[in-house]
Amino acid sequence: MKSSYHPHIMEIIVRVVFVLTLVNFGILNGQVYDVLKFGAKGDGTTDDSEAFVEAWKAMCSSGGSNKTLLVPSDNTFLLQPLVFQGPCNSLSVQVQLEGKIVAPLNKAAWSDFKSYEWVCFNKIIGLTVRGSGTITGHGSSFWEANLPASKRPTQLHFEGCNNLEINGITSFDSPRNHISIHDCRQVKITQIKLIAPGDSPNTDGIDISASTDVEIYDTIVGTGVDCVALNSGSININIARMRCGPGHGISVGSLGKDGEESTVENIQVTNCTFNETNNGARIKTWPNGKGYARNIVFKDIMLTETKNPIIINQQYIDKGRIDLEESSAVAISNVTFMDFHGTSRQDEIIKIDCSEVTCCKDIVLDRIDITTVDGNKPIAECSNAYGNSTNAYDSCLKTE
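Residues numbered from 1 in each chain as written. Predicted model: local features only at pLDDT ≥ 70, side-chain atom pairs only at ≥ 80, totals over all residues. Heavy atoms only, no water.

(A) Spatial organisation of the nonpolar core. Counting 90 residues, the largest nonpolar core has Trp56, Phe121, Leu127, Phe158, Ile181 and Phe337 as its most contacted members. Both of domain 1 (34–225) and domain 2 (234–399) provide at least three residues apiece to this core. When neighbours within four sequence positions are excluded, phenylalanine 337 is seen to be in contact with Ala281, Phe298, Ile310, Ile312, Ile363, Val364, Leu365, Asp366 and Ile368. (Core = buried A, V, L, I, M, F, W, Y, C linked by side-chain atoms within 4.5 Å. Buried < 20%, exposed > 50% of the residue type's maximum accessible area, 1.4 Å probe, protein only. Domains from an automatic or database assignment. Contact = heavy atoms within 4.5 Å.)

Structure representation (structure tokens):
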């Protein structure tokens, strides 16, 4: 009888066993820290916060590189507000999110529902958060209580995290904004989904502040407010191929609140779609602010029944505010809106309402092809705005 033994099959088996061993005990001089091995239950009802923190401390304190905190699939982990604190001894650390992370079911069950952040990553260099897992904030009890945004937690907060990557994860129903990026450098956010009902208050997708060199591309964001909000200190931001809606579009601002000095510059938003959003491309500043917003480009934008496709509002006043006499304003300059196509829910497709104190300067409207849902003639309205318009219906910009 002829033997069925094949040496190459045995060699393959040996290699597979070797690879599995590496995965279990370390990968290329790195190591995997499975939260289950640190006491997490993963049953969706037990508080696993302490196990997550202990796993993080063990990983963060170890040397070498390529360390991974594993949140395994087929498990649901309940977390209270917690902080993953850096800096770490490893040159690079990764959170591999494959399972489900959930918040307490309602704000009464939170250990500290007044916490500003639910899951916080602080001062970690070379952090990657990736995976096919989900994080759910059960934000409805916060929305229904009508709490102000300052009294509701952000879902994922990253502060002082340079060389940061976020890839693949999905976030549902944040009590406030889904992701906040503050004081970070060299950030890449790709292939994520951020989802909340269209009427959920203050559930911004991504809030950016005091951060530079941020890339966001191939993402899906549908929330109750801005898909992306670019706040003061946002510099060199590139957003591409985002599907935004529902929500309030992609916004620069609001800037200059309570007379503060705000700065935003070098923003590129390209090849994005807005589906039934309240706004498309928006810049919003408060009266009596200071600073500037400049070198901003919105290009190759597709709109489907967007309410305000192109809007600059320098008279932004939130609810309950008193409209005071204006003595200063954030200076807006060198802003381009180019290659906009699609439909608007209202006749006014362009509204550029600038401060008479500073005026908006060097505004470009080029190849704007937006029709109205009701078939009426599109309207463009401008005040205190200077620039050039080409193929953008009746130009309302003044020439200097």
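(B) Main features of the side chain of threonine 277. Mapped onto the fold, threonine 277 is located in the loop between strand 22 (261–275) and strand 23 (279–285). One polar contact links the side chain of threonine 277 to the main-chain carbonyl oxygen of asparagine 279, over a distance of 2.7 Å. Once you skip the residues sitting within four places of it in the chain, threonine 277 turns out to touch Cys244, Gly245, Pro246, Gly247, Gly249, Glu305, Thr306, Lys307 and Arg345. (Helix = DSSP H or I, 4+ residues; strand = E, 2+ residues; numbered from the N terminus. Polar contact = N/O pair within 3.5 Å; in protein donor to acceptor, adjacent residues only side chain to side chain.)

(C) Broad picture of the UniProt feature "active site" (unreviewed entry) in the chain. According to UniProt, the "active site" (unreviewed entry) feature falls on His248. Turning to its location among the elements, histidine 248 is positioned in the loop between strand 20 (234–244) and strand 21 (250–255). Only 3.4 Å separates the side chain of histidine 248 from the backbone oxygen of glycine 224, close enough to count as a polar contact. (UniProt positions renumbered as here; feature names shortened; annotations may be inferred.)

(D) The arrangement of helix 2 (residues 49–61) in detail. The end-to-end C-alpha distance of helix 2 is 18 Å, a good match for the 18 Å that 13 residues give at a rise of 1.5 Å each. Inspection of helix 2 places Ser49, Ala51, Phe52, Val53, Ala55, Trp56, Met59 and Cys60 among the buried residues, and these make up the whole buried set. (Expected span 1.5 Å × (residues − 1).)

(E) Summary view of the pattern of salt bridges. Evaluation of the coordinates by the stated rule reveals 8 salt bridges. Across the salt bridge formed by aspartate 226 and lysine 284, the nearest N and O atoms sit 3.4 Å from each other. Highlighted residues: aspartate 226 in the loop between strand 18 (212–222) and strand 19 (228–230) and lysine 284 in strand 23, separated in sequence by 58 residues. Across the pair glutamate 265 and arginine 294 runs a salt bridge, and its minimum N-O distance is 3.1 Å. In this pair, glutamate 265 sits in strand 22 while arginine 294 sits in strand 24 (residues 290–306), placing the two residues 29 residues apart along the sequence. Judged by relative accessible area, which is 14%, glutamate 265 ranks as buried. On the basis of relative accessibility, which here comes to 30%, the residue arginine 294 falls in the partly exposed class. Linked through salt bridges whose partners overlap, the residues forming this network are Asp226, Arg282 and Lys284. (Salt bridge = Lys/Arg side-chain N within 4 Å of Asp/Glu carboxyl O.)

(F) Region of the structure containing the packing of aromatic side chains. Inspection of the entire model under this criterion finds 11 aromatic pairs. Seen in terms of ring centroids, tryptophan 110 and phenylalanine 142 are 5.5 Å apart; in terms of plane orientation they differ by 85°. Their pairing is edge-to-face. With tryptophan 110 in the loop between strand 7 (100–102) and strand 8 (117–122) and phenylalanine 142 in helix 3 (residues 140–144), the pair connects residues that are 32 residues apart, well separated along the chain. Neither residue differs from the other here; tryptophan 110 and phenylalanine 142 are each classed as buried. One aromatic cluster in this structure is built from Trp56, Phe84, Phe121 and Phe158. (Phe/Tyr/Trp six-rings, centres within 6.5 Å; stacked < 30°, edge-to-face > 60°.)

(G) Seen up close, the sheet that holds strand 27 (residues 348–353). Strand order in the open sheet formed by 11 strands is 5-8-11-14-17-19-21-23-25-27-29, and the pairing between neighbours is parallel. Single-partner strands in this sheet number two, and they are strand 5 (82–85) and strand 29 (379–383). On average, each strand axis in the sheet is tilted by 15° relative to the strand beside it, whichever way the strands run. (Pairing = 2+ DSSP bridges. Axes fitted to C-alpha atoms, helices over the stretch in contact; angles between N-to-C directions.)

(H) Broad picture of the state of the cysteines. A complete count under the given rule lists 4 disulfides for this structure. Each disulfide pairs two cysteine sulfurs, and for cysteine 354 the partner residue is cysteine 360, the sulfurs being separated by 2.0 Å. Its S-S torsion of approximately -100° makes the covalent link between cysteine 354 and cysteine 360 left-handed. The class for cysteine 354 is buried, based on a relative accessible area of 2%. (Disulfide = S-S within 2.5 Å.)

(I) Representation of the confidence of the model for the chain. Overall, the predicted model of the chain reaches an average pLDDT of 91, with 90% of residues at or above 70. Between residues 1–5, whose pLDDT stays under 50, and residues either more than four places distant or in other chains, the model counts 1 contact. Ignoring residues within four places in sequence, the model shows residues 14–29, a span with pLDDT below 50, making 12 contacts including any to other chains. (pLDDT = per-residue confidence, 0-100.)

(J) Examining the domain arrangement of the chain more closely. Parsing the chain into structural domains produces domain 1 (34–225) and domain 2 (234–399). One C-alpha centre belongs to domain 1, the other to domain 2; they are set 30 Å apart. Taken together, the contact between domain 1 and domain 2 spans 19 residues of the former and 15 residues of the latter. Summed over both sides, the interface of domain 1 with domain 2 buries roughly 1,400 Å², with 47% coming from carbon and sulfur. Between domain 1 and domain 2 we count 1 salt bridge in total. A salt bridge links arginine 241 to aspartate 218; the shortest N-O distance between them is 2.6 Å. At the boundary of domain 1 and domain 2, one finds 18 residue pairs in polar contact (both at pLDDT 80 or more). Considering each element in turn, the side of domain 1 that touches domain 2 owes the most residues, 11 residues, to strand 18. Residue classes in the side of domain 1 that touches domain 2 are distributed as 8 nonpolar, 8 polar and 3 charged. (Buried area = accessible area lost by both parts, 1.4 Å probe. Nonpolar A, V, L, I, M, F, W, Y, C, P; charged D, E, K, R; others polar.)

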